[in-house]
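Summary of the model geometry
Given next are the chains, with one letter for each unit.
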Amino acid sequence: MDLEDQKRQVAEHAVQFIEPHLKAESIVGVGTGTTANYFIDALAAIKHKFDGAVSSSVASETRLKSHGIPVYDLNGVADVGFYVDGADESNHRLELIKGRGGALTREKIVASVAETFICIADASKLVDILGAFPLPVEVIPMARSAVARQLVALGGRPVYREGYVTDNGNVILDVHDFVIEDPCTMEARINNIVGVVTNGLFALRPADVLILGGPDAVTTRRAADAR
């Protein structure tokens, strides 16, 4: 299977994974990006089995609604049973780098309230140490230069994502040349920089399940097995 086939396969496996647990009142959290788009398309086939979704971006909300899936504001939802999203990188502890699509803050919010966080990804995303993929950091616009200097002090090379504004009205710094051996500590350190909204490390709240594509088959890994 090529990478697009892998993305499609893991999306379909995620639907199969959650389907037995869905009830009429269930709310499904949905992420952002190409792999999440495949999940939305596959989820449409079972939309009669759950109440609706909460979305991490305007783009995903639009795609969900195009399939006739109701989308709710997270403030009006009591419980999110599953959150399904892709990743830019995952290590073997299911700590992630996310945010290439720029929706990292809303993705992190939905992941934080979900009972089960399922990451779906192609085989190229599994790494031993995070950081080969640039780490996105969402920043208040007036703090961009000040935050960039702090990120350089941490050993990174921040690059301003030109011409991009998040759904929250902020900017993105993509931090290159990080070798992130302790993702939890690095996530907290970056988030403590004044002017940072959040960063794309999902380590303090990692995925619970990783559904990983491969050239020949799809495999499922659980965070509990990696501890």
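Coordinates for the structure precede this section.
Computed from a prediction, not measured in an experiment: that's the story for all the values here.

About the cut-offs
- Residues numbered from 1 in each chain as written.
- Predicted model: local features only at pLDDT ≥ 70, side-chain atom pairs only at ≥ 80, totals over all residues.
- Heavy atoms only, no water.
- 1 Å grid on protein atoms, 1.4 Å probe; cavity = no way out; pocket = protein on both sides within 12 Å on 5 of 7 lines; lining within 4 Å.
- Points joined across faces, edges and corners; volume = space filled by probe spheres on them.
- Nonpolar A, V, L, I, M, F, W, Y, C, P; charged D, E, K, R; others polar.
- Phe/Tyr/Trp six-rings, centres within 6.5 Å; stacked < 30°, edge-to-face > 60°.
- Helix = DSSP H or I, 4+ residues; strand = E, 2+ residues; numbered from the N terminus.
- Buried < 20%, exposed > 50% of the residue type's maximum accessible area, 1.4 Å probe, protein only.
- Lys NZ or Arg CZ within 6 Å of the ring centre and 35° of its normal.

Attention now moves to empty space enclosed by the protein. Scanning all chains against the criterion turns up one cavity of 30 Å³ or more. Here the largest cavity is characterised by a volume of approximately 30 Å³. Together, Gly102, Ala103, Arg106, Glu138, Thr166, Asp167 and Asn168 line the largest cavity. Here the lining of the largest cavity is composed, by residue class, of one nonpolar, three polar and three charged.

Turning our attention to the packing of aromatic side chains. Across all of its chains, the model carries two aromatic pairs by this definition. Both rings, one in tyrosine 83 and one in phenylalanine 117, keep their centres 5.2 Å apart while their planes meet at 35°; by these two values the pair is tilted. Linking tyrosine 83 in strand 3 (residues 80-85) with phenylalanine 117 in strand 6 (residues 114-121), this pair joins segments that are 34 residues apart in sequence. The two residues tyrosine 83 and phenylalanine 117 agree in class, both being buried. Arranged with centres 6.3 Å apart and planes meeting at 55°, the rings of phenylalanine 117 and phenylalanine 202 form a pair that is tilted. Pair noted here: phenylalanine 117 is in strand 6 and phenylalanine 202 is in strand 11 (residues 201-202), with a separation of 85 residues, a long-range link. The same class applies to phenylalanine 117 as to phenylalanine 202, namely buried. Among the aromatic residues, ring-to-ring pairing joins Tyr83, Phe117 and Phe202 into one connected group. In this structure, arginine 144 packs its charged tip against the face of tyrosine 160, placed 4.1 Å from the ring centre. When the ring centre of tyrosine 164 is taken as reference, the NZ or CZ atom of arginine 161 above it lies at 5.3 Å.

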